[in-house]
Amino acid sequence: MKIFVDTADMEEIQEANEMGVLDGVTTNPTHISKQTGSFDDIIKEICEEVSGPVSAEVVATDFEGMMVEARHNASLANNVVVKIPITLDGLKAIKQCSDEGIKTNVTLCFSANQAMLAAKAGATYISPFMGRLDDVGHDGLDLIHQIRQIYDNYAFETEILGASLRSPKHVLDCALAGADVVTLPLDVLTKLLNHPLTDIGLERFLNDWKEWEAKQNGVPA
Ligand code: E4P
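Just so we're clear, the structure is a prediction, and the values are computed from it rather than from any experiment.

### Some remarks on the overall build of the chain
For the chain, the helix and strand inventory stands at 11 helices and eight strands. Overall size of the chain, expressed as C-alpha extent along the three principal axes, is 80 × 40 × 30 Å. At a minimum sequence separation of 6, the contacts of the chain that also span at least 24 residues come to 55%. Carbon and sulfur atoms make up 52% of the accessible area of the chain, which totals about 11,800 Å². Positive and negative side-chain charges of the chain, numbering 17 and 34 respectively, have mean locations separated by a distance of 4 Å.

Below is the structure:
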């Protein structure tokens, strides 16, 4: 399973990249709004740091406007993936991008039917938003299972990108359900490493080692 980090903050992206397991980045207008500088410069800088796919979202809501932005965003770097919401105009733009060889990440997906249409239109990635579904009392994991089944039934090549993930449990659920990718805030990515027994075990090993070393050197414990 590929791991993307979900942010436009360069320090967070660098920190995630230094972990050595980062495959890509997703941004959205909310992430961009927290940064300074132009959209183009922010995306270019991220694309220089990370060689994998970097999602850059359109903000136009009409087909023509989306295509202007999609072509522009795709021209910023070779690894840009254009993020497009799953609306009627969005669907047309996804198909047009597919015809033009522009990679897409279809965002704001909350139903399996939306995911099926995105795949038929040639989306590169579909982003089901697990956390936001859970927030309103639905089960985000059900959606991942449904999309996996539909894509496998019909051999759709669109990759399932679990998004809006809020916890390590979400990540585990996505991995077990066969998601191709997850995108995570840095704090969730970091939490994947944590286990109290690892900390306790390490502390005990190091203490035993120190005692043994002291004995070797003839220092009484
Ligand atoms: C994914 O591409 C989205 O940017 C992101 O996962 C949304 O997460 P949120 O629901 O925590 O805002």
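From this point on, the discussion continues.
### Some points on the side chain of Lys 83
Residue position: Lys 83 is located in strand 4 (residues 80-85). With sequence-adjacent residues up to four places away left out, Lys 83 is seen in contact with Thr 26, Thr 27, Asn 28, Ser 55, Ala 56, Glu 57, Val 58, Asn 105 and Thr 107.

### Focus: the sheet that holds strand 3 (residues 54-57)
Pairing within the closed barrel is parallel, and its eight strands lie in the order 1-2-3-4-5-6-7-8. Recorded for the sheet is a direction-independent mean angle of 30° between the axes of neighbouring strands. In this sheet, strand 8 (residues 181-184) lies alongside strand 1 (residues 2-6) in parallel orientation, the contact comprising four bridges. Across the sheet, Phe 4 pairs through a bridge with Thr 183, a residue of strand 8. Docked against the sheet, helix 5 (residues 88-100) engages strand 4 and strand 5 (104-109), running at close to 155° with respect to strand 4.

### Structural notes on unusual backbone geometry
One non-glycine residue with positive phi stands out, namely Ala 155, at about 55°. The topology assignment puts Ala 155 in the loop between helix 8 (140-154) and strand 7 (159-162). Unlike most non-glycine residues, Ser 164 shows phi in positive territory, near 60°. Tracing the backbone through its elements, the reader meets Ser 164 in the loop between strand 7 and helix 9 (168-177). Judged by relative accessible area, which is 10%, Ser 164 ranks as buried.

### Quick word on the pattern of salt bridges
A complete count under the given rule lists nine salt bridges for this structure. The salt bridge partner of Asp 135 is Arg 166, with a shortest N-O separation of 2.8 Å. Remark: Arg 166 occurs in the loop between strand 7 and helix 9 and Asp 135 occurs in helix 7 (residues 130-135); sequence separation between them is 31 residues. On the basis of relative accessible area, Asp 135 is assigned to the exposed category, the value being 53%.

### Let's talk about a nonpolar patch on the surface
A contiguous nonpolar patch, built from Met 19, Val 21 and Leu 193 and spanning about 280 Å² of accessible area, is present on the exposed surface. As for its placement among the helices and strands, Met 19 is situated in the loop between helix 1 (10-18) and strand 2 (24-26).

### Some remarks on the nonpolar core
Grouped together as the largest cluster of nonpolar side chains are 59 residues, with contacts concentrated most on Ile 126 and Ile 147. With six residues, the single largest contributor to this core is helix 8.

### A word on the packing of helix 3 (residues 39-49) against helix 4 (residues 63-76)
Contact pair helix 3 / helix 4: the axes reach a minimum separation of 9 Å and the direction vectors enclose 45°. As judged from the angle between their axes, helix 3 and helix 4 are oblique. The residues of helix 4 that touch helix 3, namely those facing Phe 39, Asp 40, Ile 43 and Lys 44, are His 72, Asn 73 and Leu 76. Here the contact of helix 3 with helix 4 is composed, by residue class, of three nonpolar, two polar and two charged.

### What to know about the environment of Gly 24
Tracing the backbone shows Gly 24 in strand 2. Assessed through its relative accessible area of 0%, Gly 24 is described here as buried. Residues Gly 24 and Cys 47, 23 residues apart in the sequence, show an inter-C-alpha distance of 9.2 Å. Excluding anything up to four places from it in sequence, Gly 24 contacts Ile 3, Phe 4, Val 5, Val 50, Gly 52 and Pro 53.

### Comments concerning the site of the ligand
The local shell around the ligand consists of Asp 6, Thr 26, Asn 28, Lys 83, Phe 129, Arg 132, Ala 163, Ser 164 and Arg 166. One nitrogen or oxygen atom from the side chain of Asp 6 is found 2.8 Å from an oxygen atom belonging to the ligand. Take Arg 132: an N or O atom from its side chain is 2.6 Å from an oxygen atom of the ligand. Expressed as a share of its isolated accessible area of 340 Å², the protein-covered part of the ligand is 84%. Taken together, the residues of the shell around the ligand sort by class into two nonpolar, three polar and four charged.

Rules and cut-offs
Residues numbered from 1 in each chain as written. Predicted model: local features only at pLDDT ≥ 70, side-chain atom pairs only at ≥ 80, totals over all residues. Heavy atoms only, no water. Helix = DSSP H or I, 4+ residues; strand = E, 2+ residues; numbered from the N terminus. Contact = heavy atoms within 4.5 Å. Areas by Shrake-Rupley, 256 points an atom, 1.4 Å probe, with all protein chains shown as cover. Lys, Arg positive; Asp, Glu negative; His and termini not counted. Charge placed at Lys NZ, Arg CZ, Asp CG, Glu CD. Pairing = 2+ DSSP bridges. Axes fitted to C-alpha atoms, helices over the stretch in contact; angles between N-to-C directions. Buried < 20%, exposed > 50% of the residue type's maximum accessible area, 1.4 Å probe, protein only. Salt bridge = Lys/Arg side-chain N within 4 Å of Asp/Glu carboxyl O. Patch = residues over 30% accessible without salt bridge, like charges linked within 9 Å, V, L, I, M, F, W, Y side chains within 5 Å. Core = buried A, V, L, I, M, F, W, Y, C linked by side-chain atoms within 4.5 Å. Parallel < 35°, antiparallel > 145°, perpendicular 65-115°, else oblique. Nonpolar A, V, L, I, M, F, W, Y, C, P; charged D, E, K, R; others polar. Near = heavy atom within 4 Å. Polar contact = N/O pair within 3.5 Å; in protein donor to acceptor, adjacent residues only side chain to side chain.

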